[in-house]
Amino acid sequence: MKTGILWDELFLKHDTGLSHPESKERLLSIRRGLETYPHLKNLKPLGLRPATEAELRLVHPTTHIRTIQRSAGKAFAYLDPDTAVSEASYQVAIHAVGGILQMIESLMSGEIDNGFAFVRPPGHHAEPERAMGFCLFSNVALGAAYALKRYGLERVLVVDFDVHHGNGTQKTFYHRRDVLFISTHQFPLFPGTGAFPETGSGPGKGFTLNFPLPAGTGDVTYGQLFEKIILPVAKAYRPQLMLVSAGFDAYVEDPLAGMRVTPEGFASMARHLKFLADTVCQGKMVLVLEGGYHLEGLRESVLRVLDQICGHPGPVPSSGRSDLFDAVLARARTHFGDHWKF
């Protein structure tokens, strides 16, 4: 098995300023883990290219592209209180998107079996018409839109396990059924979206599934949620490609949230997703880095996920049972049980 990975020095040039949690140190920490990773022979480094404007316009209008483009070569600035741009940010961002599209091309051609793109800036908060939450372009949404157009796909699954709700991805596809968007996230928490009743509209009704979880949620509840709800729904949807917004800020010591997920918990999620991909879409799965701000926890969790997807799955804890899951299950059946059986 070959797992494609995307890591490039260019991504270090996006300067977010002193003490910003979304710093280049995140990718440097991941690189330190990759340098001694015992299964390097299963990893295939991939190159990157810039996304074209036509590709960016699959999600973002020209006005938004120009907003980010105008930051090129200019001094450090903030687009909002959380989202910084610097001299190289535009070039970094279009290469992050282009690298993801290149990885999807490598996956669809059979060059790789699956992949993990370690890119920054992250993307899932970027809405079609605005940057926000550290994000400039909606990386995973662009990947899904590109796959639908380039390969004529009819069904793409996006799973987002970042601790923050992927409002940008949701907004992009809220009225559509060719993308099933599933998000697990702490609630309430930034950006304030992602409640159970947000299930899509018009033709997309029932194709957005949100699982807002209280602070303190840990491995057992996440394991049950993936096994008992997400997998059955995704199997019924029969996606032809799976994209994963892989954020690691639900980690137990992450400074920006209050969840209690361990590296073993992330490995369990990855195991379920790998099984799903192998079962319904010939293994076609690309993970894209989103959040995760505890450097050691990020590195260890990423490596445990890599173990699962590159063919060396170590032991993970059994999912067990939690009272919280029973409450989540009841709410899920109330809000989208008419659309899906689980």
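For the structure, see preceding data.
Our subject in this report is the structure included herewith. As the structure is a prediction and not an experimental result, all values here were calculated from the model.

### Focus: the sheet that holds strand 8 (residues 208-213)
In step 1: In spatial order, the strands read 2-1-5-10-9-6-7-8; together these eight strands make up an open sheet with parallel pairing. At either margin of the open sheet sits one strand with a lone partner, and together these are strand 2 (43-45) and strand 8. The average undirected angle you get between the axes of adjacent strands in this sheet is 15 degrees.
In step 2: By the bridge criterion, three bridges tie strand 1 (residues 3-6) to strand 2 in an arrangement that is parallel. When the bridges of strand 2 are listed, Thr3 appears paired with Leu43.
In step 3: Strand contacts of helix 7 (residues 219-237): strand 6 (156-160), strand 7 (179-186) and strand 8, with the helix running at about 170 degrees to strand 7, the strand carrying the most contacts.

### Describing the side chain of His60
In step 1: The topology assignment puts His60 in the loop between helix 2 (53-56) and helix 3 (62-69).
In step 2: Taking the relative accessible area as the measure of exposure, His60 reaches 1% and is therefore buried.
In step 3: Residues within four places of His60 in sequence aside, it is in contact with Ile65, Ala126, Glu127, Pro128, Phe137, Ser138 and Leu142.

### Regarding the packing of helix 7 against helix 8 (residues 263-280)
In step 1: In contact at an axis separation of 9 Å, helix 7 and helix 8 are set at 10 degrees when each is read in the N-to-C sense. Taken as axis vectors, helix 7 and helix 8 run roughly parallel relative to one another. Residues Asp219, Tyr222, Gly223, Phe226, Glu227, Leu231, Ala234 and Lys235 of helix 7 touch helix 8, and the partners they reach there are Glu264, Gly265, Ser268, Met269, His272, Leu273, Phe275, Leu276, Thr279 and Val280.
In step 2: In terms of residue class, the contact of helix 7 with helix 8 is made up of nine nonpolar, five polar and four charged.

### With respect to the nonpolar core
One broad trend across soluble globular proteins is that nonpolar side chains are buried collectively.
In step 1: Counting 107 residues, the largest nonpolar core has Phe116, Phe118, Phe137, Phe211, Phe248 and Leu306 as its most contacted members.
In step 2: Leave out the neighbours within four places in its chain, and Phe211 touches Ile182, Ser183, Thr184, His185, Phe196, Leu225, Ile229, Ile230, Val328, Ala332 and Phe336.

### A look at the packing of helix 8 against helix 9 (residues 295-309)
In step 1: Between helix 8 and helix 9, the shortest axis-to-axis distance is 8 Å and the interhelical angle comes to 30 degrees. Accordingly, the angle class assigned to the pair helix 8 and helix 9 is roughly parallel. Between helix 8 and helix 9 lies a crossing whose hand is right-handed. Across the interface between the two elements, Pro263, Glu264, Phe266, Ala267, Ala270, Arg271 and Lys274 from helix 8 touch Glu300, Ser301, Arg304, Val305, Gln308 and Ile309 from helix 9.
In step 2: A per-class count over the contact of helix 8 with helix 9 returns six nonpolar, two polar and five charged.

Cut-off values and rules
Residues numbered from 1 in each chain as written. Predicted model: local features only at pLDDT ≥ 70, side-chain atom pairs only at ≥ 80, totals over all residues. Heavy atoms only, no water. Pairing = 2+ DSSP bridges. Helix = DSSP H or I, 4+ residues; strand = E, 2+ residues; numbered from the N terminus. Axes fitted to C-alpha atoms, helices over the stretch in contact; angles between N-to-C directions. Contact = heavy atoms within 4.5 Å. Buried < 20%, exposed > 50% of the residue type's maximum accessible area, 1.4 Å probe, protein only. Parallel < 35°, antiparallel > 145°, perpendicular 65-115°, else oblique. Nonpolar A, V, L, I, M, F, W, Y, C, P; charged D, E, K, R; others polar. Core = buried A, V, L, I, M, F, W, Y, C linked by side-chain atoms within 4.5 Å. Left-handed = near helix turned anticlockwise from the far one by under 90°.

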